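As a plain string of letters, each chain reads:
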Amino acid sequence: MKFWQKFSAIFVVLCMLTIHLPIAAGEGGEPEITAEAAIIIESTTGRVIWEKNADERLYPASMTKMMTGILALEKMDMKSAVTYSQYAAYTESSPLGARPGESLVAKDMVTGLLLESDNGAAVALAENMAGDVTSFAAEMNSKAQQLGMHDTNFANPNGLTDKNHYSTARDMAKLARYVMKNQDFRKIVGTTARDIYWRNPVGKIYRAENTNKLLGKYDGITGIKTGWTKAAGGCLAVSAKRDGVELIVVLMKADTLDDRFKDGAKLLDYGFEHVKMAKGPAKEKVRHKVWVKGGEQATAYVYPSHDIDYPLINGEEDTGRYTLTYDVPNVVDAPLQAGEPVGQLVLRYDGQPVEEVPMISDKVPGGFSVGSWLVGVFEGVLKHI
């Protein structure tokens, strides 16, 4: 065989090998993780970027405490004292080390719950809110249904293994997205360490350190919650924000404690490589007129609380699949305070709602004007225009 023929043959073989070489994650390929199930979502809209076995029912371990923590923040007075029962104090894996009869301010207890993943704090909070763990689990499940977590059932407030306590990566991502809208929750889970102070006995202090080892190590990290039991394996709900894009990753049943963080970082990297934000209309351009009853003026404008940006995912080039619709009453009552919510703007993707943005008003004093009086007279008609 002549030289050029040999060269050509070798060249063809090399080309074929190159074509069949696997593409590394981060260069367009799939991320390689140890977790049995995982999902990446864009937090603003909840749109899925990537998933693996996201609907498989698994043990969520201490990611459960996202639900316990958010219910506490929504229902309780954070300045009130919460006392440990004997059951709460002796719950396994309770690093705060509280004894029966000791008490903490609710905010400190929620902090210990979310940072140190204290199982006893979860029980104490559950007993305070609902009387007992079983009743509180019913409240957890009710909230889960409201959030669309239809493959989830909670049996306890802390995630200790129970055959009737399960969830999926997709459902946990829905919960994670919800809790991170609460600024108090977000602040706690973004804290690396904090001193926990006892109400009784006075002077007792514990230095709580966040179990999320990506805090301070991964660029843009904002939270959220770890989980681990022998049955559940390594679990992690983690979020990060870069250049206006915030992602949420949930993974379940990673091989080891360290693998959950390695997997989490890989998935965040993958997500940031596959999402970009496109500028949508400025809030001033999306204003909407409403009729005002009982005010010094007959009409007012409401507008979104922030500018609208569209996440483009996995190679999308334009925003044509997004639409905006108003869910705003035609008639409102004065007075209105500046920034007061008046309905919402619904962002839809392929016709499905993916984000709700509060519509807020300028200040409209109460009082009398002929126009506003007429709005009251014809309110029944105006409501249906």
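Data block above holds the structure.
Okay, so let's go over this structure. (Residues numbered from 1 in each chain as written. Predicted model: local features only at pLDDT ≥ 70, side-chain atom pairs only at ≥ 80, totals over all residues. Heavy atoms only, no water.)

One pass over the full model with this rule turns up 17 salt bridges. The residue Lys143 makes a salt bridge to Glu74 at a minimum N-O spacing of 3.2 Å. Remark: Glu74 occurs in helix H2 (residues 65-75) and Lys143 occurs in helix H6 (residues 133-146); sequence separation between them is 69 residues. According to the relative accessible area criterion, Lys143 is buried, its value standing at 12%. Two residues, Lys276 and Glu317, come together in a salt bridge whose shortest N-O distance is 3.8 Å. Linking Lys276 in strand E10 (residues 275-279) with Glu317 in the loop between strand E13 (309-313) and strand E14 (322-327), this pair joins segments that are 41 residues apart in sequence. (Salt bridge = Lys/Arg side-chain N within 4 Å of Asp/Glu carboxyl O. Helix = DSSP H or I, 4+ residues; strand = E, 2+ residues; numbered from the N terminus. Buried < 20%, exposed > 50% of the residue type's maximum accessible area, 1.4 Å probe, protein only.)

With respect to the element layout, Leu345 can be found in strand E16 (residues 341-349). C-alpha separation for the pair Leu345 and His274, spaced 71 residues apart in sequence, amounts to 26 Å. Discounting chain neighbours no more than four positions away, the residues touching Leu345 are Val286, Pro304, Ile308, Leu324, Thr325, Tyr326, Glu355, Glu356, Val357 and Met359. (Contact = heavy atoms within 4.5 Å.)

Here 5 strands make up an open sheet; going across it, the order is E2-E1-E9-E8-E7 and the pairing antiparallel. Of all the strands in the sheet, the pair left with one neighbour each is strand E2 (48-52) and strand E7 (221-229). Ignoring which end each strand starts from, the neighbouring axes of this sheet average 5 degrees apart. Two elements, strand E8 (residues 233-242) and strand E9 (residues 245-254), share 8 bridges in a ladder whose sense is antiparallel. Residue Arg242 lies in a different strand from E9, and its bridge partner there is Val245. (Pairing = 2+ DSSP bridges. Axes fitted to C-alpha atoms, helices over the stretch in contact; angles between N-to-C directions.)

Turning our attention to the pairing of strand E6 (residues 205-209). Pairing geometry for strand E5 (residues 193-200) and E6, over 5 bridges, is antiparallel. Bridge pairing in E6 places Ala193 opposite Glu209. The loop that links E5 with its antiparallel partner E6 comprises 4 residues; one of these, Gly203, has a positive phi angle of about 100 degrees.

In this sheet, strand E17 (residues 352-361) lies alongside strand E12 (residues 299-304) in antiparallel orientation, the contact comprising 3 bridges. Bridge pairing in E17 links Pro304 to Met359. One ladder, built from 7 bridges, connects E16 with E17; its direction is antiparallel. Opposite Arg348, over in E17, you have Pro353 as the bridge partner. Hairpin connection of E16 to E17: 2 residues between the antiparallel strands, including Asp350 at a positive phi of 50 degrees.

This brings us to the nonpolar core. By size, the foremost hydrophobic cluster in this structure holds 61 residues, and its most contacted members are Met66, Met67, Tyr84, Leu125, Phe185, Ile224 and Val250. A total of 7 residues in this core trace back to one element, the largest contributor, which is helix H5 (residues 119-130). Grouped together as the second largest cluster of nonpolar side chains are 26 residues, Ala38, Leu214, Ile221 and Ala254 included. (Core = buried A, V, L, I, M, F, W, Y, C linked by side-chain atoms within 4.5 Å.)

Each pair of packed helices can be described by the angle between their axes along with the distance between the axes. The contact between H5 and H6 brings their axes to 8 Å, and the two run at 85 degrees. With respect to their mutual orientation, H5 and H6 come out roughly perpendicular. Across from Val123, Ala126, Met129 and Ala130 in H5, the residues of H6 making contact are Val133, Ser135, Phe136 and Glu139. Grouping the amino acids of the contact of H5 with H6 by side-chain chemistry returns 6 nonpolar, 1 polar and 1 charged. (Parallel < 35°, antiparallel > 145°, perpendicular 65-115°, else oblique. Nonpolar A, V, L, I, M, F, W, Y, C, P; charged D, E, K, R; others polar.)

A word on the packing of aromatic side chains. Applying the stated criterion to the full structure yields 3 aromatic pairs. Here Tyr310 and Tyr322 contribute two aromatic rings whose centre-to-centre distance is 4.9 Å and whose plane-to-plane angle is 25 degrees, an arrangement assigned as stacked. Here Tyr322 lies in strand E14 and Tyr310 lies in strand E13, a separation of 12 residues in the sequence. A residue is classified by how much of its surface remains accessible, and Tyr322, at 7% relative accessible area, is buried. Every member of this aromatic cluster is reached through a ring pair, and the members are Tyr310, Tyr322 and Tyr349. (Phe/Tyr/Trp six-rings, centres within 6.5 Å; stacked < 30°, edge-to-face > 60°.)

Turning our attention to the packing of H2 against H6. Here H2 crosses H6 at 90 degrees, and the two axes come no closer than 11 Å. Comparing the axis directions of H2 and H6 gives the class roughly perpendicular. Between H2, through Met67, Thr68, Leu71, Glu74 and Lys75, and H6, the contact on the second element is made entirely by Phe136, Glu139, Met140, Lys143 and Ala144. Along the lines of polarity and charge, the residues of the contact of H2 with H6 split into 5 nonpolar, 1 polar and 4 charged.

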